[in-house]
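Structural characterization, general
Chain residues, written in single-letter form:
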Amino acid sequence: MFTKRLFQKAVHRNQLHEKSSLTSDDVNLRINVHYGVPSTASILAFDPIQRLLAIGTLDGRIKVIGGDNIEGLLISPKLLPYKYLEFLQNQGFIVSITNDNDIQVWNLERRSIACSLQWESNVTAFSVIRGSSFMFLGDEYGLVSVLKYDPDSEQLLQLHYELSSESLAEATGVSISNRQPIVGLLPQPCSFGNRLLIAYESGLLILWDVLEAHVVVVRGNKVLELKNKAVSPNDGITNIVDDAPSHELEEKEISALCWASTDGSILAVGYVDGDILFWNTSKDSSAKDQEAGLSPNVVKLQLSSAEKRLPVIVLHWLDGSKSRKHQEGQLLIYGGDEIGSEEVVTVLTLEWSSGMEALRCINRMDLTLAGSFADMILIPSAGTNGSDTNASLFMLSNPGRIHIYDRDSLSSSDSQSRKELSVSTLNFPAIIPTVDPFMTVAELFHVYGRMEGLESKTAAVSSTLTLPGNKKWPLTGGVSNHLSFGKDNTVHRLYVAGYQDGSVRIWDATYPVFSLLCILKNEVNGEKLVGSGASLTVLELCPSTLRLAVGSECGRVLLYNLCSSKETSFHFVMETKTEVCRSAQVQGTRCSAVFDLQKSGVRALKFINNSSKLIVGFECCRIAVLDVQSSSVVFITDSISNSPLISVFSKALAYETTKNTNESAPKAPDNFRGESIFVLTKDASIYVIDGYNGSMISSRPVQLKNKSTAISMHVIEKQAAVYRSIDEQQSEKDDTLRNEPSPNGAQGSEKCETDGPSLDKNSSAQSLKELFVLLCCKDSLCIYPAKSVVQGQSKSVHKVKLSKPCCWATVFRKGEKVCGLVVFYQTGEMEIRSLPDLELVKDFSILSVLRWNFKANMERMISSTENLQIALTNGCEVAFISLLEGENDFRIPESLPSLHDVVLAAAANAAISVSSDHKRKQGGNPGILSGIVKGLRVPKSNKSTHNDSNSNANLSHLEGIFMRNPIQEPLRTTDDPGADELTIDDIEIDDPEPLASTLSHELDNKDKGKKSDREKLLEDGAEIKPRIRTREEIIAKYRKTEVIYELVIL
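First, a word on what this report is: a plain description of the structure on this page.

Rules used in this analysis
Residues numbered from 1 in each chain as written. Predicted model: local features only at pLDDT ≥ 70, side-chain atom pairs only at ≥ 80, totals over all residues. Heavy atoms only, no water. Helix = DSSP H or I, 4+ residues; strand = E, 2+ residues; numbered from the N terminus. Buried < 20%, exposed > 50% of the residue type's maximum accessible area, 1.4 Å probe, protein only. Contact = heavy atoms within 4.5 Å. Areas by Shrake-Rupley, 256 points an atom, 1.4 Å probe, with all protein chains shown as cover. Phe/Tyr/Trp six-rings, centres within 6.5 Å; stacked < 30°, edge-to-face > 60°. Pairing = 2+ DSSP bridges. Axes fitted to C-alpha atoms, helices over the stretch in contact; angles between N-to-C directions. Core = buried A, V, L, I, M, F, W, Y, C linked by side-chain atoms within 4.5 Å. Salt bridge = Lys/Arg side-chain N within 4 Å of Asp/Glu carboxyl O.

What follows concerns the overall build of the protein chain. Along its length, the protein chain carries 14 helices and 69 strands. For the protein chain, the residues scored as buried account for 60% of the 1050 residues in total. Residue pairs at least 24 apart in sequence account for 62% of intrachain contacts in the protein chain once pairs closer than 6 positions are excluded. When the accessible surface of the protein chain is summed, it comes to about 41,600 Å², and 48% of that surface belongs to carbon and sulfur atoms.

Set out below in structure tokens:
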């Protein structure tokens, strides 16, 4: 004990020259949690087995969204847009290609780049063979290459298989320039990777047989009998008009394409001039048939008869055929309309029953965009196979908005004008809403112990998301891992947000997957409070009693008990009277009182004495102290300044009477102990008032010599005070062990069960000599001795002039001691400074890490805990970061949700294997897969279904095919009248004979088995991205079009 006193005396002698122990090694920025769609979102991808949505951005980020509030953020080292984004389905990998042609493979389990490959030429087309690790890549020189990702070696391999424009020109007899870019690579549906549609920018289309290494058909280069089909821009339902003569097809530049049939017999191609051509790719539509006047190879469709039209940017096909003979579906088009027309996505319902020449439009619908168009994708529903009549359209517009349309709304056959059609749409739901409703204030709080009642309401609040028509939500991927922590399921951290409509939302932020606990709507007994819809400005929570105070712009203060309580009284307190009424007893959160004392906005709230009292600071610079227990007003001051109030801080102080010649100034007695309230105003003035009666302790405020704008104020302890506080806490613990209170001694009905301290850290009186006051201004930082502030003396001991405008600042603790200051600038940069010397420890650009731009009033949504966990909001995004090295309250990586469900993947692989064997032996229905994976039921199969559930078994042969160069053998074409013709119906899907001769590699049998397991869940689809243009908006337009074919199972 004698040694400790000597040590504390030594500390006291040097307290004015304290040096912080904080070093740069103590600071490490980490992004723990990220919610929301980035405002720079530009491209979409979907894994129909894992049920994950990926969103690529213009700044090198990929947002992955699953179910049950699971979201993840992948950040590339390159701050560049993505022009291609694809899942390696059911394998836990995403492939992305940046604008500088860097091909990146992302490992979803590790949330990092597994490997990357810098492509030397400009990539102008890209697609993945579904259910495999094989990728087709086309470039600006007309070269088709094949890549494979090997997860064992974590390498992206370029295989020997290549197709040059020269070799294809020789095989087709058509001249192809070696400078002719490839703008589309589409694996043909139901061909299981055996056939590839190659589209050149000039309009040439080649269907290539990968297995036999020959050209199947050539389109886009001959004299054709065109059927011109013009869809009137004025009518919602218009029969297509024929105006028809023989037409020389000039060279037309392709801008978009997609398959328009489930069997790959019809191809829809959009052109830069606004035309849309439907090409028949069946072998039976040969030149001989053309001469005989049979079904033409091509039919032209126009959205407008105007001479100048927009390029067709994106095409998607949503099949709705009821049988092979009756073809029907929706063609989704972005572009193609008259230049200057409203920006819309057009949905045409098309049908043809007696051949493609009978194509007609039976309905047209225009979907108005909420912002500029970015991308769209068709999301198949879970538990279906073949033609999915329940697919949903996800449409992405700027800035980062996703609108969802269900199939029923897109296929309306109403005869009303298209301008009068009411289309059912759903805004993509945000886990943490920031725009709808609009968030005005948010705070991150540490809490102690279990919150009875509030936790029990979680399941009821977090209702399952559904699509219009009560259909199942399509995004269900990912696995939450926090349940593995067993009994430790108490809430340790809350994220509380206030909104413009006066509502409050509270989330359990203990683990990286947040759960909504409750929504407070300012209601008592189910009736909304009059005038309670004002925008919220400030939030305050007591971590031990879990009382929540909410302040609004209209001057009201609402008090909530977050724990269950037996209290049923409700108090409405005004400046001159108080009304008391009875409310129903509720299990969980309830509003206990409303204080309507001023019409000036509430700018500061501070609980003191274990939430028994509440300090309220109004913008008009009046201070009120409320008695929470009795719901009464202790006092309310007159306005103490003409400058708006910024913040308040309360501290129990012990100090001697200050010597002051001003007789009118109040004087405190010797050895006075009392609650003192520090008040900061916008002009950087600090006032100190008595916390018991509101009288001014000092007659004049502390002020800066030069005018400045105040940001925040903090009262911090000196090192000696920290040691004394630790001793007192230990003494309190000893006293508690000796004198345990009886169970009935606590305020059981008003308090929650706690594991932390029962009193505020500020409750014990401290000497003025043990405290500093930190003033943070827009252009400077100042530290004053607390004694000088109480005496009204502007004598700082440390001062730093800031080179950039500061907008937010707070202090943080390391252990028991306040050791540092975080300063956030309007430039997006952040500094960590030590206390009390204000030395710079580390700086970094947090907005650069998050890829955010600073926005006005962004500082209102920044909050921090004492151990430097910071919550930030920007647009629709909310991020939670940690800055202290060694701090890991989120328990990362153990508690991070898995973005790849390995159990689901294994179940899908096993189900496919069983289904493949069953079909080969008995020809059974592959719908049994849904009973194995997640117990899902498969609806009755559509008659037009072309099953490829066993297609992965037919993909194993591609390994051998792609390991050799097809150019080494003479290429041949069968697109002539004398050749033997093979139709798509002649393919023997289940015949193993042609595959045996191609299996030249035994090395990766295990991987091949896995590929077989995956492919049977899929329908071969097609995805395309046209060549990138020079202008930025053209780049945004020439993006992939993708037809999502339905799955057999989830």
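Further notes follow.
So, on to the packing of aromatic side chains. In this structure the tally under the stated criterion is 15 aromatic pairs. Aromatic side chains Phe136 and Phe962 sit 5.9 Å apart centroid to centroid with 90 degrees between the ring planes, which places their arrangement in the edge-to-face category. In this pair, Phe136 sits in strand S11 (residues 134-139) while Phe962 sits in helix H11 (residues 958-962), placing the two residues 826 residues apart along the sequence. The pair Phe136 / Phe962 is uniform in exposure class, with both members buried. Relative to Phe880, the ring of Phe514 lies with its centre 4.8 Å away and its plane at 65 degrees, an arrangement referred to as edge-to-face. Residue Phe514 is located in the loop between strand S38 (504-508) and strand S39 (515-520), and its partner Phe880 is located in strand S66 (residues 877-884); the two are separated by 366 residues in the primary sequence.

This part covers the sheet that holds strand S43 (residues 547-552). Spatial strand order, S42-S43-S44-S47-S45-S46: six strands in an open sheet with mixed pairing. With partners counted over all chains shown, the strands left at the sheet margins are strand S42 (536-541) and strand S46 (578-582), one partner each. The sheet shows a mean angle of 15 degrees between the axes of neighbouring strands, direction not considered. With five bridges joining them, S43 and strand S44 (residues 556-561) adopt antiparallel strand pairing. Looking across to S44, one finds that Ala549 is bridged to Leu559.

Formed by 35 residues in total, the largest nonpolar core has its most connected members in Ile62, Ile94, Ile432, Tyr495, Phe514 and Phe880. The residues contacting Phe514, other than those within four sequence positions of it, are Val33, Tyr35, Asn69, Ile432, Tyr495, Trp507, Asp508, Ala509, Phe880 and Phe890. Formed by 31 residues, the second largest nonpolar core is a distinct cluster that contains Leu168, Ala169, Ile182 and Leu185.

Turning to the pattern of salt bridges, a few remarks are in order. Considering all chains together, one arrives at 28 salt bridges under this definition. Across the salt bridge formed by Glu619 and Arg603, the nearest N and O atoms sit 3.1 Å from each other. Residue Glu619 is found in the loop between strand S49 (613-618) and strand S50 (623-627), and its partner Arg603 is found in strand S48 (residues 602-608); the two are separated by 16 residues along the sequence. On the basis of relative accessible area, Glu619 is assigned to the partly exposed category, the value being 31%. Given the relative accessible area of 25%, Arg603 is considered partly exposed. One salt bridge connects Glu717 with Lys651, and the closest N-O pair in it is separated by 3.7 Å.

This part covers the environment of Val215. Relative to the helices and strands, Val215 is located in strand S17 (residues 214-219). Separated by 47 residues in sequence, Val215 and Leu168 have C-alpha atoms that sit 8.0 Å apart.

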